[in-house]
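The primary structure of each chain is shown beneath.
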Amino acid sequence: MALLELEEVRAGYGPTSVLHGVSLSVPEGQIVSLLGANGAGKTTTLRSITGGVQWTGDIRFAGRSLRRMHTEDVVRCGIAHVPEGRGILTELTVDENLKLGSHLRRDGAAVRKDYDRVFEYFPVLRERRRLSASTLSGGEQQMLALARAFLTKPRLMLLDEPSLGLAPLIVRSIFEIIRTINTEDQVAVLLVEQNARLALEMSSEAYVLEVGRVAVRGSSSELTGNDAVRRSYLGY
Amino acid sequence: MQELLQQVVSGIATGGIFASLALALVLIYNAMGLVNFAQGEMAMLATFVALALIDHGMNYWIAFPVTLVIAFAGGIAIERVVIRPVERAPILTLVIVTLGLATLINGLAGFIFGYVPRAFPSPFPVQTVNILGALASYQDLGVIAVSAVVLLAIYLLLQHTTVGLTMRAAAHHPEASRLLGVRVSWMLALGWGLASAVGSVSGIMVAPILLLQPNMMQTIIIYAFAAAVLGGIESPIGAVVGGVIVGVTVNLAGVYLPFVGGDLQLAVALAIIVGVLVLKPNGLFGRPSVRRV
Ligand SMILES: Nc1ncnc2c1ncn2[C@@H]1O[C@H](COP(=O)(O)OP(=O)(O)OP(=O)(O)O)[C@@H](O)[C@H]1O
Ligand SMILES: [Mg+2]
């Protein structure tokens, strides 16, 4: 049984429907990428999972239906959602943002170890601990968002375009760390990306959304090798 | 010079009273972008509760924290029952709801306790003490001390506890906070509870001076508005500094400007509100852009 399963999920904003029956699954400990053009419904899919939009169909996490659950209860089940725009609380300091990641945990010793790891992954966050998060650059904010997600000790991370607006070198190092977190802690990842090439390198499986429907599903190597799919959906 | 110093000390005491109520306004403003016009009436009701406790023989210093706890619970109850159903309504709807709430509480207090002003005990002796040649009353010093302790406690709670952190997070970024597991709706309720408790300190401190009756807070709330606006309506520290500045200014104006006297002091507060809104709309500590959270 997969860790996360979406079954015929339909969702939208008021009268506009955006998802027209999306089914996908993320196995335990795997990275799955969700690709698609602008407006295909990738962000809406992630928002459905954490209850940010109304949806029908079924979404199950670790065997339990998330129907009618509030966002804060969904994430407390072990899902860390780094939203589009990163969700940094710019009125607060870097440290306070990190604390919001770990504030629900009761395993104090493990939390301290995880902070050490976070600062090892992203030394710049340790240097800027006391500064307002608004002073961070885009890349540093993405690091903070990822670090904060990691500190919630999730079983699944939903990452919405972590590469957006960042220099290639920074994107590389951030993706390295996503992979490290995935392999060392068996954290599953549902990775939304416009940069298909990069996402396919990372993931074992991929889905391509087209106007609210899954157009293609397959192993990442399959999709990378399939010229037709590459040209028509992935744009490279 | 001595006289001036005395008036300043007395102004700081008055300012502490304004500051508590102003801080209450700021707490709710921060939580939901709403000016709570019922804040003064909630404080007045809490003060009646305190008087009832004291009249039943409870020691002042026990009745005081007990009242704060009751006010806290009352604030949460008001948020859950009255505000929650209209939480997502336009801001004007919410403002009107708080105005209605003010009228309701005022009428309720009048109905239950009547409109005859009642003496309210002060725990501080009436004597004065000589500080650096100026005579300060124990009453003023006591009010300053109590206000300072309460304001400091709120500061520590907001800045140095996890629940304070989640309250601030929920106030500024409700969506992002939800994604981190913060129960935003409860944080709102907690904000109302805290505001209600802090505001009631203002009522309890002013009651020995003004006498307790249902309309007691109606001028104090204007001074508190002035303090909050002066400090920058989003800033807790601003509310405190603003409260002290307004207290001292109003006091000095009353004494030294012959045409102001006792009657026009409220006009001084209104002048401060208008002046700040025209000259420095974000107040002393406010951030430039005002936005609805
Ligand atoms: N808050 C909203 N209200 C109304 N419509 C919305 C809202 N957010 C998104 N949409 C619409 O839903 C559709 C899907 O949007 P979504 O953000 O899920 O796409 P996406 O795949 O994440 O795109 P992008 O790559 O640009 O981030 C778009 O047509 C968009 O205009
Ligand atoms: Mg998107």
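The rules behind the values
- Residues numbered from 1 in each chain as written.
- Chains lettered and ligands numbered in written order.
- Predicted model: local features only at pLDDT ≥ 70, side-chain atom pairs only at ≥ 80, totals over all residues.
- Heavy atoms only, no water.
- Helix = DSSP H or I, 4+ residues; strand = E, 2+ residues; numbered from the N terminus.
- Rg over C-alpha atoms; globule rule 2.2 N^0.38 Å.
- Contact = heavy atoms within 4.5 Å.
- Areas by Shrake-Rupley, 256 points an atom, 1.4 Å probe, with all protein chains shown as cover.
- Lys, Arg positive; Asp, Glu negative; His and termini not counted.
- Charge placed at Lys NZ, Arg CZ, Asp CG, Glu CD.
- Core = buried A, V, L, I, M, F, W, Y, C linked by side-chain atoms within 4.5 Å.
- Buried < 20%, exposed > 50% of the residue type's maximum accessible area, 1.4 Å probe, protein only.
- Donors = N, O, S within 2.8 Å, 3.2 Å for Na, K, Ca; no water.
- Phe/Tyr/Trp six-rings, centres within 6.5 Å; stacked < 30°, edge-to-face > 60°.
- Lys NZ or Arg CZ within 6 Å of the ring centre and 35° of its normal.
- Near = heavy atom within 4 Å.
- Polar contact = N/O pair within 3.5 Å; in protein donor to acceptor, adjacent residues only side chain to side chain.
- Nonpolar A, V, L, I, M, F, W, Y, C, P; charged D, E, K, R; others polar.
- Axes fitted to C-alpha atoms, helices over the stretch in contact; angles between N-to-C directions.
- Parallel < 35°, antiparallel > 145°, perpendicular 65-115°, else oblique.
- Left-handed = near helix turned anticlockwise from the far one by under 90°.
- Patch = residues over 30% accessible without salt bridge, like charges linked within 9 Å, V, L, I, M, F, W, Y side chains within 5 Å.
- Salt bridge = Lys/Arg side-chain N within 4 Å of Asp/Glu carboxyl O.
- Buried area = accessible area lost by both parts, 1.4 Å probe.
- Expected span 1.5 Å × (residues − 1).
- Pairing = 2+ DSSP bridges.

Some details on the overall build of chain A
Within chain A, the regular secondary structure consists of 10 helices and 10 strands. Taken over C-alpha atoms, the radius of gyration comes to 17 Å for chain A, in line with the 18 Å a tight globule of 236 residues would show. Reported as C-alpha extents along the three principal axes, the dimensions of chain A are approximately 45 × 40 × 35 Å. Within chain A, contacts between residues separated by at least 24 positions form 67% of all contacts whose residues are at least 6 apart in sequence. As displayed, chain A has an accessible area near 10,400 Å², and 48% of this comes from carbon and sulfur atoms. Here chain A holds 29 positive side-chain charges and 28 negative ones, and the gap between their average locations is 3 Å.

Here's the deal with the nonpolar core
Core analysis: the biggest nonpolar cluster contains 92 residues, and F120, W192, M205 and V246 of chain B have the highest contact counts within it. Once residues lying within four places of it in the same chain are set aside, the contact partners of M205 of chain B are I17, Y60, F64, Q139, V143 and V146 of chain B. With 48 residues, the next largest nonpolar core counts M143, L144, F175 and M202 of chain A among its residues.

Describing the coordination of the magnesium ion (ligand 2)
Residues and elements named next belong to chain A. Every protein donor of the magnesium ion (ligand 2) is accounted for by T43 (OG1) and E84 (OE), and the metal-donor separations fall at 1.9 to 2.1 Å. On the criterion of sequence distance, the pair formed by T43 in helix α1 (residues 42-49) and E84 in the loop between β6 (79-82) and α3 (94-102) is long-range, its members being 41 residues apart. Under the relative-accessibility criterion, T43 is labelled buried at 13%. With a relative accessible area of 41%, E84 lands in the partly exposed category.

Quick word on the packing of aromatic side chains
What the rule picks out here adds up to 10 aromatic pairs over all chains. Ring centres of Y121 of chain A and F150 of chain A lie 6.2 Å apart, and the angle between their planes is 65 degrees; on these two criteria the pair is classed as edge-to-face. Residue Y121 of chain A is located in helix α4 (residues 108-121), and its partner F150 of chain A is located in helix α6 (residues 138-151); the two are separated by 29 residues in the primary sequence. Take Y121 of chain A and F150 of chain A: they sit in the same class, and that class is buried. An aromatic cluster is defined as three or more aromatic residues linked by ring pairs; in this entry it consists of Y60, W61, F64 and F124 of chain B. Sitting above the plane of the W186 of chain B ring, R80 of chain B keeps its charged end 4.5 Å from the centroid.

With respect to the site of ligand 1
Residues and elements named next belong to chain A. As a matter of local geometry, ligand 1 sits amid 14 residues, with K42, T43, T44, E84 and Q194 nearest to it. Within the contact set of ligand 1, an oxygen atom lies 2.6 Å away from a side-chain nitrogen or oxygen of E84. Here the element with the most residues in the shell around ligand 1 is α1; it accounts for 4 residues. Grouping the constituent residues of the shell around ligand 1 by class yields 4 nonpolar, 6 polar and 4 charged.

Notes on the packing of α3 of chain A against α6 of chain A
All names here are of chain A. Their axes nearest at 7 Å, the elements α3 and α6 cross at an angle of 30 degrees. The angle between α3 and α6 places the two elements in the roughly parallel class. The handedness of the crossing between α3 and α6 is right-handed. Residues V94, N97, L98, G101 and S102 of α3 form the contact with α6, whose participating residues are L144, A147, R148 and L151.

Here's the deal with a nonpolar patch on the surface
All names here are of chain B. Together, M1, L4, L5, I131, L132, V255 and Y256 make up an exposed nonpolar region whose accessible area comes to about 700 Å². Listing elements by their share of the nonpolar patch, those giving two or more residues are α1 (2-32) and α10 (236-256). Along the polypeptide, L132 turns up in the loop between β1 (128-131) and β2 (134-137). A relative accessible area of 80% means that L132 is categorised as exposed.

Section: the interface of chain A and chain B
Facing 21 residues of chain A, the contacting portion of chain B comprises 19 residues. Between chain A and chain B, a total of about 1,700 Å² is buried, with carbon and sulfur atoms accounting for 65% of that surface. Along the contact surface separating chain A from chain B lie 2 salt bridges. Two residues, D73 of chain A and R183 of chain B, come together in a salt bridge whose shortest N-O distance is 2.8 Å.

Overview of helix α2 (residues 39-55) of chain B
Within an α-helix, residues lying three or four positions from one another point in the same direction, as the helix has 3.6 residues per turn. The end-to-end C-alpha separation of α2 of chain B is 24 Å, in line with the 24 Å expected for 17 residues at 1.5 Å each. Once α2 of chain B ends, the next one or two residues include G57 of chain B, with phi positive near 95 degrees.

Topic: the side chain of Q7 of chain B
Take Q7 of chain B: it is sitting in helix α1. The exposure class of Q7 of chain B is buried, given its relative accessible area of 17%.

Some words on the sheet that holds β6 of chain A
Residue and element names in this part refer to chain A. The 6 strands are arranged β6-β7-β8-β3-β9-β10 in an open sheet whose pairing can be described as mixed. Each having just a single partner strand, β6 and β10 (213-219) make up the two edges of the open sheet. When the angles between neighbouring strand axes are averaged without regard to direction, this sheet yields 15 degrees.

Quick notes on the pairing of strand β9 (residues 205-210) of chain A
All names here are of chain A. The buried count for β9 comes to 5 of 6 residues, which makes it a mostly enclosed element. For strand β3 (residues 31-36) and β9, the ladder comprises 5 bridges, and the chain directions are parallel. Bridged to L34 within β9 is Y207. With 6 bridges connecting them, β9 and β10 associate as antiparallel partners. Bridging from a neighbouring strand, V208 pairs with V216 of β10. Where β9 folds back onto β10 in an antiparallel hairpin, the turn is made up of 2 residues, including V211, whose phi is positive at roughly 30 degrees.

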